[in-house]
Amino acid sequence: MKSKDMETQIGNDIVSVEAGRLNLRTQFDHGVVTHFEAQETLLDYSLTHLGVNTPDGLQHPMVISEPPANLNSSRAAMSELLFECYRVPSISYFVDALASLRYNQPDCRDALVISCGYHTTHVIPVLDGRMDAGNARRIGVGGFLMTSYLQRLLQLKNPSALAAITLSRAEELLHELVRFSGDYGSDLRLWADPAHQKEHTRPVQLPVTIATGSEQPRPSQPAAGEAKDKKLIAKARMHEMHIKKRQALISEDERRLARARQSGEGDAEYLQELERRIEAGRTKLAELAERGRETPVRLSPDALQARLEELEGRRRELLERRAERRRRRAEMARRRTAASQQRMRIISQLASQRPTKDDTFGARDEDWDVYKAINVDGGDSDSEADAEELTEVEARLRQLAPDLAWSQPAAGGAQPHQIQLGTEPLQTAEILFQPSMLGLDQAGLAETIQFVLSKYPTEAQQRLAGNVFVTGGVSNVPGLRQRLEHELRQMRPFQSSFAVSVASSPSLDAWRGARSLSAAGQLEYVSRQQYVECGADYLAEHMASNRYWPTPSEPAAGQPA
């Protein structure tokens, strides 16, 4: 990611992911490396932090993953980057799903591997220990689309919380609450029952800051108060801005110190100066915080009593107006109430009037009274302004007299900042089996499995179905194994056997598998000499790699293609 001052930030160096999400860059396009400038930047960052990037080049063999049936052009560009830029002695390419299979089932000969990745999902048949890339298939749905879909569902359902429902928060909910349904249609029909809906709807608390009696809330625009109150509030704001600025300076010095220690740049005097500035800043910050606690809002006793009575009267008035709006809205919703009947009577009278050439309805004040009478919300268009003013009045009351009982928030504290999760977790996981829910013209995972199996004779189908292996980050979502068993039971012949297993650690087993294969000497490497003689796209095959098909050479001039 590049910030507005064009500084490149990677990984944990990104202070706020959401603030810079539009500037985030990835080297992948549907799992295939296509942006090699970003790839080089990431390799520089990783190798520097590992301490293995030397001026003379990388003196270690490189083991790197690639997607199933990777393009020769992508592999050629990667080999060129590693051999020419980093001067590695040799490279071994592997497919992450196959490495995960070898780690969990070292002696496996036949398997149907389902790799659920971040951008895509692959169905890979393995027969006699080697991948059959010709019959492998890819689905353009992965963890990223599931996260984006969950975010859109929640934002559409909760339009008042658009800013709080970020992609990072949706990803957190995906890991914690989303699950695959064993039978999506049946589970969805259960939600038609109000009792089931009430029992299984889950509230999710969004971030909210609630001011308690012991802490001074941040003042918003003051209500119509004395000039002295305005000055006090302005002073509190300036104090808060000073604290935030001091915190930002400390954070910047801490980042500089960490960067200098990791890279080894800067002498001891420079590091000591940074440490001294950080310590002095923290001391000053503590003094500012203590000074803020020691600066209460001071009013004379008579002025304080008069101000409290004024604010409490206004608060009572706003609460009564809100209760009246809710009562009238509830009456409008019931068909047989007097308010609802009056509304329907006015609507029918307006509909029966013959339209004239010069329709002036709405130009008179009486027309506004008619609109207010038939408006479902009770005719009060200023409910949002009332809510803002109520929040402001209560904040001022808590500031002036935090110990009084009525100074607690009338809006229920954190409850208005909750969202309700109903069918969204089921819908989010279902797009892997029904991409059409996203508008994608692709087959789902169950249909793709059936299509891949149909490419083989009965005996090979049974060998593949007898060992369905699931790996990848999305397979951490609960219920995937049970759903695959349900789908296989429907598509396989009557009384035929099948087995579904999930990797022990779906997110890490690919790395562990590559490590164990390398330690056992079961990987094949492309040396620099082979790179020069056989071409940049050359691949040394092994049990966890792709098959190598040379790129067809261009026909000579004058010869038919």
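Residues numbered from 1 in each chain as written. Predicted model: local features only at pLDDT ≥ 70, side-chain atom pairs only at ≥ 80, totals over all residues. Heavy atoms only, no water.

Q: Explanation requested: the pairing of strand 4 (residues 90-94) in the structure shown.
A: Along any regular strand, the residues point their side chains to alternate faces of the sheet. Within strand 4, five of the five residues are buried, which leaves the element mostly enclosed by the surrounding structure. The two faces of strand 4 match: Ser90, Ser92 and Phe94 on one face and Ile91 and Tyr93 on the other face are all buried. For strand 3 (residues 62-65) and strand 4, the ladder comprises four bridges, and the chain directions are parallel. Bridge pairing in strand 4 links Ile64 to Tyr93. With helix 2 (residues 72-85) bridging strand 3 and its parallel neighbour strand 4, the resulting β-α-β unit is right-handed. In terms of strand pairing, strand 4 meets strand 13 (residues 526-527) through two bridges, oriented antiparallel. Considered in strand 13, the bridge of Ile91 is made with Val526. (Buried < 20%, exposed > 50% of the residue type's maximum accessible area, 1.4 Å probe, protein only. Helix = DSSP H or I, 4+ residues; strand = E, 2+ residues; numbered from the N terminus. Pairing = 2+ DSSP bridges. Right-handed = clockwise from strand over helix to strand, strands pointing away.)

Q: It is not clear to me how the packing of aromatic side chains should be interpreted in this structure. Could you clarify?
A: What describes a pair of aromatic rings is the distance from one ring centre to the other and the angle between the planes of the rings. Across all of its chains, the model carries four aromatic pairs by this definition. Both rings, one in Phe180 and one in Phe433, keep their centres 5.9 Å apart while their planes meet at 80°; by these two values the pair is edge-to-face. Of this pair, Phe180 sits in the loop between helix 5 (167-177) and helix 6 (184-190) while Phe433 sits in the loop between helix 14 (424-430) and helix 15 (445-454), placing them 253 residues apart in sequence. Phe433 matches Phe180 in its accessibility class, with the two residues each being buried. (Phe/Tyr/Trp six-rings, centres within 6.5 Å; stacked < 30°, edge-to-face > 60°.)

Q: Just checking my understanding: could you explain unusual backbone geometry for this structure?
A: Generally, phi is negative for residues other than glycine and the peptide bonds are trans, each holding for most cases. In this structure, Arg87 is a non-glycine residue whose phi angle is positive, near 55°. When you line up the elements, Arg87 lands in the loop between helix 2 and strand 4.

Q: What exactly am I supposed to notice about the nonpolar core here?
A: Side chains of nonpolar character tend, in soluble globular proteins, to be buried together. Grouped together as the largest cluster of nonpolar side chains are 44 residues, with contacts concentrated most on Leu112, Phe180, Phe433, Leu445, Ile449, Leu480 and Leu484. When we break this core down by domain, the ones giving at least three residues each are domain 1 (23-142 + 433-534) and domain 2 (147-207 + 420-431). The next biggest cluster of nonpolar side chains, apart from the first, holds 21 residues, and it includes Met62, Met78, Tyr93 and Val526. (Core = buried A, V, L, I, M, F, W, Y, C linked by side-chain atoms within 4.5 Å. Domains from an automatic or database assignment.)

Q: How do you make sense of the packing of helix 1 (residues 36-50) against helix 2 when you look at a structure like this?
A: The description of two packed helices rests on the angle between their axes and on the distance between the axes. For the pair helix 1 and helix 2, the least separation of the axes is 11 Å and the interaxial angle reads 40°. Of the possible angle classes, the one that applies to helix 1 and helix 2 is oblique. Regarding helix 1 and helix 2, the two cross each other, and that crossing is right-handed. Every residue of helix 2 that contacts helix 1 at Phe36, Gln39, Glu40 and Leu43 is listed here: Ser74, Ala77, Met78, Leu81, Leu82 and Cys85. (Axes fitted to C-alpha atoms, helices over the stretch in contact; angles between N-to-C directions. Parallel < 35°, antiparallel > 145°, perpendicular 65-115°, else oblique. Left-handed = near helix turned anticlockwise from the far one by under 90°. Contact = heavy atoms within 4.5 Å.)

Q: I would appreciate a short explanation of the sheet that holds strand 4 in the present structure.
A: Strand pairing within a sheet occurs via backbone hydrogen bonds; the two strands may be parallel or antiparallel. The sheet built from three strands is open, its strands ordered 3-4-13 with mixed pairing. The open sheet has two free edges, formed respectively by strand 3 and strand 13, since each of these has just one partner strand.

Q: Would you take a moment to explain the side chain of Asn158 for this structure?
A: Locating Asn158 in the fold gives a position in the loop between helix 4 (143-157) and helix 5. Judged by relative accessible area, which is 13%, Asn158 ranks as buried.

Q: What am I meant to see in helix 15 here?
A: Because an α-helix completes one turn every 3.6 residues, residues spaced three or four positions apart along the sequence face the same direction. Taken as a whole, helix 15 has its buried residues at Leu445, Ala446, Thr448, Ile449, Val452 and Leu453. Axial view of helix 15: buried residues confined to an arc of 165°, hence all on one face. Where helix 15 is buried, its residues meet strand 5 (111-116), strand 6 (121-127), strand 8 (137-139), helix 16 (458-465) and helix 17 (480-491). (Arc of directions from axis to C-beta.)

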